[in-house]
Amino acid sequence: MQKIIQDIESRYSVSEKEIRRNNLCFLTIPKNQAISLVTYLRDYQGYSAFTLLTAVDWIEEGHFQLTYLLNNPTNYTEIGVRTMIERDHATMESAHHLWESMQTYQRELKEMFGIDFPGSPRVDEDFILEGWTDIPPYRRDFDTKKYAEETYFPRPGRETNDPAEYMKSKLFPND
Amino acid sequence: MDIRKIFQQYSDRTSYPEIGEDGKPIIDLSSHKYLKMWQGPQHPGVTGNMSLELTVCGDEIVESKTHVGYLHRGFEKLMERRKFIQCFPTCIRMCVAEPDPNEYLLARCVEELSGIEVPEMAQWLRTLVLEMARLQVLLRGVPGQGGTFALGLGYQWGNYIRDLILDRFEELTGGRVYHMYILPGGVRGLLPDGFKKRMEENLKLADEFVKSIDDLMYSNSVFKQRAKGLAVIPKEYIDKYGVYGPSARAAGVMRDVRKTNPYLKYAELDFEPYTTTESDVYARSRVRWYDLQTTIDLIRQIMAKMPEKGEIKAPTPNVLHWKIPKGETYVKCESSRGEYGMYMVTDGSDMPRRVNLKGPSYTHANMLLEKLLINANIADTAGIMVSLATCPPEIER
């Protein structure tokens, strides 16, 4: 793992690295180098299997973290390529040309986080949500509790009790 | 018009529809050559709540689109506002048929990020529970493939033995479908008295079932005719489309996390996952049939090798005030469908910053299924879908 990290560091501007296990590490690199690194890992370092692409919303810092997780089916190691993109007008270069499965991940990120991947096939089609008009729901500023309270009507039989008080009233009603 | 002329005109059906310059099929519904039809979300041939938007020419599928979202409750988002221990009831629902890998992965993420070592006895019990989960899925899943081609007997039969395995789950964990037996630090309890004896009785029945299903399904000429040569996954699709587990092994590519990245006690167990090269529906079903035998054998090995007593849980902080240091990790295990992974990011608070579940259905049911269904017959849709063992809740999470 150390050898390949050194190799990547000699070619790309790695700003942060985290070796989680002897078969898993995460590297942070600038946005404009991310797809290049992913392609390099796939074509020259044997990381031919793409595991996942997902986003983390760091709303306090004003950016999204994108993580591309790649797997090497020969030595069974994994590398997570992290890159930070601006939260406002979030856009990232598409990588659908590298793996067919990539377009589904990008389509989901467009819908759930509002991150655009221009040129990615079917990226604007609904994936999980249908007719969604609110802000992308996986962003941190989308409040699920508030949404549920405003959207769904209260149903009878849903009164909540404080568990300690309720048990006390049931088990020891005379105390 | 002479019907023969029409037939001759359209006899080469693989050329329809024509492909446009953008690489997409040109489908003009007003030409009356094509018909849109939906398979699902309520359909016995669909594995769970999802649907396929099929465009057919006669009885041949020319285009397929997967629609998910019927079960979306935003589990990953809901977990972001729950304490780590409160995430368990949410997380297990991300795959109803086999919930135990979910709880194992969540517990493992928490343990890895907070540096907790799991006692050996708990590791053996976790291995046992994961294999029991695989067994109950395969008891239904293997004959279920026959069910998609109208061979329903095996499915009913397998369900009976599955119910007996659920009895064992009930006595071990208290629950039949959802167990929450694996928690951060270890497991909730030791094996009850007489558990191994009762399990062995169930395994003997499962052994008989394995032999019988071989006669019932794999020697059945109708099943063979329908499943052989159907929906072949070429080897080069494995990485391109993200094919995992039994579906990859049926194409001759060894993908089994238990062997490639051994976790828990798998390195101490003697087993060899079956691989073959035909890569059609029959081969994928056959791989699962061998997996069923392997799982039965593994449960016997685990029960023989595990210690009788021992620590089952490492000390953990008060779960209601448990803050986990900032970090991120990805852990994985082998579910009955293939590699099952969880990516977790923490920010030092008492709730996860982000949890992302990666199940094999995510790629199998979307890009791969859409590709495999082209030029297939409508009647084979269910068979192809079940051969990929799709589980919609893990797609929409």
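Figured I'd write up the structure that's included with this text. (Residues numbered from 1 in each chain as written. Chains lettered and ligands numbered in written order. Predicted model: local features only at pLDDT ≥ 70, side-chain atom pairs only at ≥ 80, totals over all residues. Heavy atoms only, no water.)

### As for the overall build of chain A
Each helix and strand in chain A was counted, giving five helices and five strands. Along chain A, from the amino end to the carboxyl end, the secondary structure elements read α-β-β-α-β-β-β-α-α-α. Principal axes of the C-alpha set define a box for chain A whose edges measure 75 × 40 × 30 Å. Within the span of chain A, comprising 175 residues, buried residues form 47% of the whole. Contacts in chain A between residues far apart in sequence, at least 24 positions, make up 52% of those at least 6 positions apart. Surface accessibility of chain A: about 9,400 Å² in total, with carbon and sulfur atoms responsible for 48%. Positive and negative side-chain charges in chain A, numbering 20 and 29 respectively, have mean positions lying 4 Å apart. (Helix = DSSP H or I, 4+ residues; strand = E, 2+ residues; numbered from the N terminus. Buried < 20%, exposed > 50% of the residue type's maximum accessible area, 1.4 Å probe, protein only. Contact = heavy atoms within 4.5 Å. Areas by Shrake-Rupley, 256 points an atom, 1.4 Å probe, with all protein chains shown as cover. Lys, Arg positive; Asp, Glu negative; His and termini not counted. Charge placed at Lys NZ, Arg CZ, Asp CG, Glu CD.)

### Considering the side chain of His179 of chain B
Residues and elements named next belong to chain B. Relative to the helices and strands, His179 is located in the loop between α6 (153-173) and β4 (182-183). At 2.7 Å, the side chain of His179 forms a polar contact with the side chain of Asp100. Look past the residues within four positions of His179 in its chain and what remains in contact with it is Asp100, Glu103, Phe169, Thr173 and Arg188. (Polar contact = N/O pair within 3.5 Å; in protein donor to acceptor, adjacent residues only side chain to side chain.)

### Observations concerning the sheet that holds strand β1 (residues 16-21) of chain A
Residues and elements named next belong to chain A. Taken together, the five strands give an open sheet; going across it, the order is β1-β2-β5-β4-β3, and neighbouring strands pair in mixed fashion. Every interior strand has two partners, whereas the edge strands, β1 and β3 (49-58), have only one. Strand-to-strand twist in this sheet, taken as the mean axis angle between neighbours without regard to direction, amounts to 20°. Note that β1 and strand β2 (residues 24-28) share five bridges and pair antiparallel. Within β2, the residue paired with Glu16 across the bridge is Thr28. (Pairing = 2+ DSSP bridges. Axes fitted to C-alpha atoms, helices over the stretch in contact; angles between N-to-C directions.)

### Re the sheet that holds strand β2 (residues 51-57) of chain B
Residue and element names in this part refer to chain B. Taken in spatial order, the three strands make up an open sheet running β1-β2-β3, and their pairing is antiparallel. What marks the edges here is a single partner per strand, and that holds for β1 (35-39) and β3 (60-67). The mean angle between the axes of side-by-side strands here comes to 25°, regardless of whether they run parallel or antiparallel. Bridge count between β2 and β3: seven bridges; the pairing is antiparallel. Within the sheet, the bridge partner assigned to Ser51 lies in β3 and is His67. Where helix α13 (residues 361-372) meets the sheet, its contacts fall on β2 and β3, and the angle it forms with β3 comes to roughly 170°.

### Some thoughts on the packing of helix α5 (residues 120-147) of chain B against helix α7 (residues 195-218) of chain B
Residue and element names in this part refer to chain B. For the pair α5 and α7, interaxial distance at closest approach is 11 Å and the crossing angle is 25°. By the angle class used here, α5 and α7 are roughly parallel. The way α5 lies across α7 gives a crossing that is left-handed. For the pair α5 and α7, contact is made by Leu128, Met132, Leu135, Leu139, Val142, Pro143, Gln145 and Gly146 and by Phe195, Met199, Leu203, Phe209, Ile213, Met217 and Tyr218, respectively. (Parallel < 35°, antiparallel > 145°, perpendicular 65-115°, else oblique. Left-handed = near helix turned anticlockwise from the far one by under 90°.)

### Regarding the nonpolar core
In terms of nonpolar packing, the biggest core is built from 162 residues, with Leu66, Tyr68 and Ile115 of chain A touching the most fellow members. Counting residues per element, this core draws most heavily on α5 of chain B, at 13 residues. No fewer than three residues from each of domain 1 (3-67) and domain 2 (75-359) of chain B sit in this core. With near-sequence residues (within four places) excluded, Ile115 of chain A lies in contact with Ala55, Phe64, Leu66, Ile85, Ala90, Met92, Leu109 and Lys110 of chain A. (Core = buried A, V, L, I, M, F, W, Y, C linked by side-chain atoms within 4.5 Å. Domains from an automatic or database assignment.)

### Regarding the packing of α7 of chain B against helix α12 (residues 281-305) of chain B
All names here are of chain B. Relative to each other, α7 and α12 sit at 160°, their axes nearing to 11 Å. Here α7 is positioned roughly antiparallel relative to α12, judged by the angle of their axes. Like other packed secondary-structure pairs, α7 and α12 cross with a definite hand, here left-handed. Its residues assigned to classes, the contact of α7 with α12 shows 14 nonpolar, two polar and seven charged. (Nonpolar A, V, L, I, M, F, W, Y, C, P; charged D, E, K, R; others polar.)

### Topic: unusual backbone geometry
A positive phi angle, near 60°, is found at Tyr76 of chain A, a position not held by glycine. Counting through the fold element by element, Tyr76 of chain A comes out in the loop between β4 (63-72) and β5 (77-86). Its identity as a non-glycine residue notwithstanding, Met180 of chain B has a phi of 45°, on the positive side. Examined against the element boundaries, Met180 of chain B turns out to sit in the loop between α6 and β4. Looking at Met180 of chain B, the relative accessible area reads 28%, which means it is partly exposed.

### Observations regarding helix α3 (residues 102-113) of chain A
Residue and element names in this part refer to chain A. Over its 12 residues, α3 runs 16 Å from end to end, which matches the ideal 16 Å to within 8%, given 1.5 Å per residue. The buried fraction of α3 is high, at 11 of 12 residues. Taken together, the buried positions of α3 are Met102, Gln103, Thr104, Tyr105, Gln106, Arg107, Glu108, Leu109, Glu111, Met112 and Phe113. Gly114 sits one or two residues past α3 and shows a positive phi near 75°. (Expected span 1.5 Å × (residues − 1).)

### What about the pairing of strand β7 (residues 338-346) of chain B?
All names here are of chain B. Along β7, nine of the nine residues are buried, which leaves the element largely enclosed by surrounding structure. As judged from the nine bridges shared by strand β6 (residues 327-335) and β7, these two strands associate in the antiparallel manner. Among the inter-strand pairings, Lys332 is bridged to a residue of β7, identified as Gly341. Linking β6 back to β7 in an antiparallel pair, the connection comprises two residues. Inspection of the sheet shows β7 paired to strand β8 (residues 352-358) by six bridges, in the antiparallel sense. Bridge assignment links Gly341 to a residue of β8, and that residue is Lys358.

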